[in-house]
Amino acid sequence: TAAASAAMERAKENQSVAELAAKHGDKAAMAKDFATSAMQRAFLPSADLQAAMRNPSAEVLAAKPNLLLEMLSLLCALRHPRAEIMRAVVEEGMTRAAQNDKMQERVTQQGINMAVSQATQGQVTALPPEVSKAATDFIRQNPDQVMELMRLATQLRK
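Worth saying up front: this structure is predicted, and the values here are computed from it rather than measured. (Residues numbered from 1 in each chain as written. Predicted model: local features only at pLDDT ≥ 70, side-chain atom pairs only at ≥ 80, totals over all residues. Heavy atoms only, no water.)

**Looking at the pattern of salt bridges**
The line we're drawing: For this document, the term salt bridge refers to a Lys or Arg side-chain nitrogen within 4 Å of an Asp or Glu carboxyl oxygen. In this text, helices come from DSSP runs of H or I with a minimum length of four residues, and strands from runs of E with a minimum of two, each type numbered from the N-terminal end. Only protein chains enter the accessibility calculation, which uses a 1.4 Å probe; a residue is then buried when its area is under 20% of its type maximum, exposed when over 50%, and partly exposed in between.
By the definition in use, this model includes 7 salt bridges. For Asp48, the salt bridge goes to Lys64, with nearest N and O atoms at 3.4 Å. Of this pair, Asp48 sits in helix H3 (residues 47-54) while Lys64 sits in the loop between helix H4 (58-63) and helix H5 (66-79), placing them 16 residues apart in sequence. With relative accessibility at 41%, the residue Asp48 sits in the partly exposed group. Take Lys64: its relative accessible area is 35%, and that puts it in the partly exposed class. The partner of Arg87 in a salt bridge is Glu84, and the shortest N-O contact between them spans 2.5 Å. Taken together, the residues Arg87 and Glu84, both in helix H6 (residues 81-99) and 3 residues apart, mark about one turn of the helix. Overall, the relative accessible area of 34% leaves Arg87 in the partly exposed class.

Below, the structure written as structure tokens:
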């Protein structure tokens, strides 16, 4: 928008802001997309709710009672915008992370490393990524065997 562009140009007059923009300018578009998506997630009603708000009727609410819950959620969001923004940013981040295979692998690797470190009382702090990938592949391919192993492990702890 014109206002956003004008505000950005005004901010770039500050030397620190200008240096940051030059250094991280390529990330600005990604950050803008993320923030826009999170704010829409927080404060933009669904297409169904928007249509129902244009022509409100008892029949619409009877046919789609979830619209009432969405409206209540939206009203709460408007009453507590900071909390809603935080919730929406976390949800947007989690959604994007789930869609990013590399991010999923990194999060899985960190979780496995933490579990291994706890299990070995810090003697082993990390496993090679290949080992973690093999373990997660085994879990995906053999869920019944993994559940049986978990049952046995819980019985051993008792």
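Don't stop here, the text continues.
**Observations regarding the packing of H3 against H5**
Quick reminder of the rule: To get an axis, fit a line to the C-alpha atoms, keeping to the stretch in contact for a helix; angles then go from 0 to 180 degrees between the N-to-C directions. Throughout, the term roughly parallel applies to angles under 35 degrees, roughly antiparallel to angles over 145, roughly perpendicular to angles from 65 to 115, and oblique to all others. Contacts between residues were defined by any pair of non-hydrogen atoms, one from each residue, lying within 4.5 Å. Any residue that is not Ala, Val, Leu, Ile, Met, Phe, Trp, Tyr, Cys, Pro, Asp, Glu, Lys or Arg is counted as polar, Gly included; the first ten are nonpolar and the last four charged.
Contact geometry of H3 with H5 gives a least axis separation of 10 Å together with a crossing angle of 95°. Comparing the axis directions of H3 and H5 gives the class roughly perpendicular. Contacts between H3 and H5 involve Asp48, Leu49, Ala52 and Met53 on the former and, on the latter, Leu67, Glu70 and Met71. Of the residues in the contact of H3 with H5, the class split is 5 nonpolar, no polar and 2 charged.

**Examining the side chain of Ser132**
Selection criterion: Under the rule applied, a polar contact is a pair of N or O atoms within 3.5 Å (in protein, one hydrogen donor and one hydrogen acceptor; residues adjacent in sequence only if both atoms are side-chain atoms).
Along the chain, Ser132 turns up in helix H8 (residues 129-141). With a relative accessible area of 4%, Ser132 lands in the buried category. A distance of 2.8 Å separates polar atoms of two side chains, one belonging to Ser132 and the other to Gln109. With sequence-adjacent residues up to four places away left out, Ser132 is seen in contact with Gln109, Ile112 and Leu127.

**Concerning the packing of helix H7 (residues 101-119) against H8**
Geometrically, a packed helix pair is captured by the angle between its two axes and the distance between the axes. One way to put it is that H7 packs onto H8 with a least axis distance of 10 Å and a crossing angle of 95°. The orientation of H7 with respect to H8, classified from their angle, is roughly perpendicular. Taken together, the residues of H8 that come into contact with H7 (itself represented by Thr108, Gln109 and Ile112) are Pro129, Ser132 and Thr136. Here the residues of the contact of H7 with H8 sort into 2 nonpolar, 4 polar and no charged.

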